[in-house]
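Chain residues, written in single-letter form:
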Amino acid sequence: MEIKAKNVFVTGSTRGIGLGIAHEFARRGANVILNGRSEISEELLQEFAEYDVKVIGVSGDISQEADAKRMVDEAIAALGSVDILVNNAGITNDKLMLKMTEADFEKVLKINLTGAFNMTQAVLKPMTKARQGAIINVSSVVGLTGNVGQANYAASKAGLIGFSKSVAKEVAARGVRVNVIAPGFIESDMTDAIPEKMKDGILGQIPMKRIGKPQEVAQVAAFLAEQEYLTGQVLAIDGGMTMI
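Residues numbered from 1 in each chain as written. Predicted model: local features only at pLDDT ≥ 70, side-chain atom pairs only at ≥ 80, totals over all residues. Heavy atoms only, no water.

## Section: the UniProt feature "binding site: NADP(+)" (unreviewed entry) in the chain
Put simply, the rule is: UniProt positions are given in the numbering used here, feature names are shortened, and annotations may be inferred rather than shown by experiment. For the purposes of this entry, the term helix denotes a DSSP run of H or I that reaches at least four residues, the term strand denotes a run of E that reaches at least two, and both are numbered from the N terminus. Throughout, exposure labels follow a simple rule: accessible area from a 1.4 Å probe, protein chains only, divided by the maximum for the residue type, with under 20% read as buried, over 50% as exposed, and the rest as partly exposed. Two N or O atoms form a polar contact when they lie within 3.5 Å of each other; inside protein one atom must be a possible hydrogen donor and the other a possible acceptor, and for residues adjacent in sequence the pair counts only when both atoms belong to side chains. Here a residue-residue contact requires only that any non-hydrogen atoms of the pair lie within 4.5 Å.
The UniProt record annotates "binding site: NADP(+)" (unreviewed entry) at G12, S13, T14, R15, N88, Y153, A154, A155, S156, K157 and I186. These annotated residues cover 175 residues of sequence, and their C-alpha atoms sit far apart, with the largest distance between any two at 24.7 Å. With respect to the helices and strands, S13 occurs in the loop between β1 (7-10) and α1 (16-27). Take S13: its relative accessible area is 0%, and that puts it in the buried class. Among the polar contacts listed, one links the side chain of S13 to the backbone oxygen of V10, at a separation of 2.7 Å. Looking at where K157 falls in the secondary structure, it is placed in helix α6 (residues 151-171). Beyond its immediate sequence surroundings of up to four residues, K157 is in contact with N112, V138, S139, S140 and G143. Polar contacts involving the side chain of K157 include one to the main-chain carbonyl oxygen of V138, which spans 2.9 Å.

If you want it as structure tokens, here you go:
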């Protein structure tokens, strides 16, 4: 798929990996729909002024079906279509299993997995009608390996992989592709706050001995949007953490 002049909706795109993905698509000439729970600020929209593209903001809660549909409808009304969806929005709520409550578990699944379901369902009808589209779901290496204290997060991210493969099989014949990115440790507010001793332990698990950059994940997202014969795949960008 030629990215230039296409419309890409990136959930959770007010900061971090999501914002990096939005910038990468805009740099390549795509129109961008920024998304977050709160109203998208004018200041954030101005970050995209250097690109010769259209950028709009739509706010709402992806974990609510009605909100997801409304946001997609708003994007289509403003730009004419949603050609690429990046399901990036997600949360963590880490606790050891013995201390985790059902509410702790359900809260993470509701946003990370049900949110992706809601957004995917909202875009699929127009995409299949147009017989073109790309959906990119942002999972995690934790969805591949599990992690102590993250049973809820790992379940949501592993579920996203199974979800993506299933939807990919359903819509492949209609010109819609669904793929997954599984990032490892990527520079963010969260990784910045990790104590140096713990960070050294993390780097010891990464063959490349460094933490990744949001723009590196963004470049993978753009690659997956472009490749027209690639669907149902999981691409880990993790410095070699999960290599077999």
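Now that the structure is up, let's keep going.
## Describing the packing of aromatic side chains
Put simply, the rule is: The pairing test for Phe, Tyr and Trp rings, Trp by its six-membered ring, is centres within 6.5 Å, and the orientation test on the planes gives stacked under 30 degrees, edge-to-face over 60, and tilted for anything in between.
Under the defined criterion, the tally for this structure stands at 2 aromatic pairs. Taken together, a centroid distance of 5.9 Å and an interplanar angle of 55° make the contact between F48 and Y51 tilted. Considered together, F48 and Y51 belong to a single accessibility category, that of buried residues. For the ring pair F117 and F163, a centre distance of 6.5 Å and an interplane angle of 65° mean the geometry is edge-to-face. Highlighted residues: F117 in helix α4 (residues 102-130) and F163 in helix α6, separated in sequence by 46 residues.

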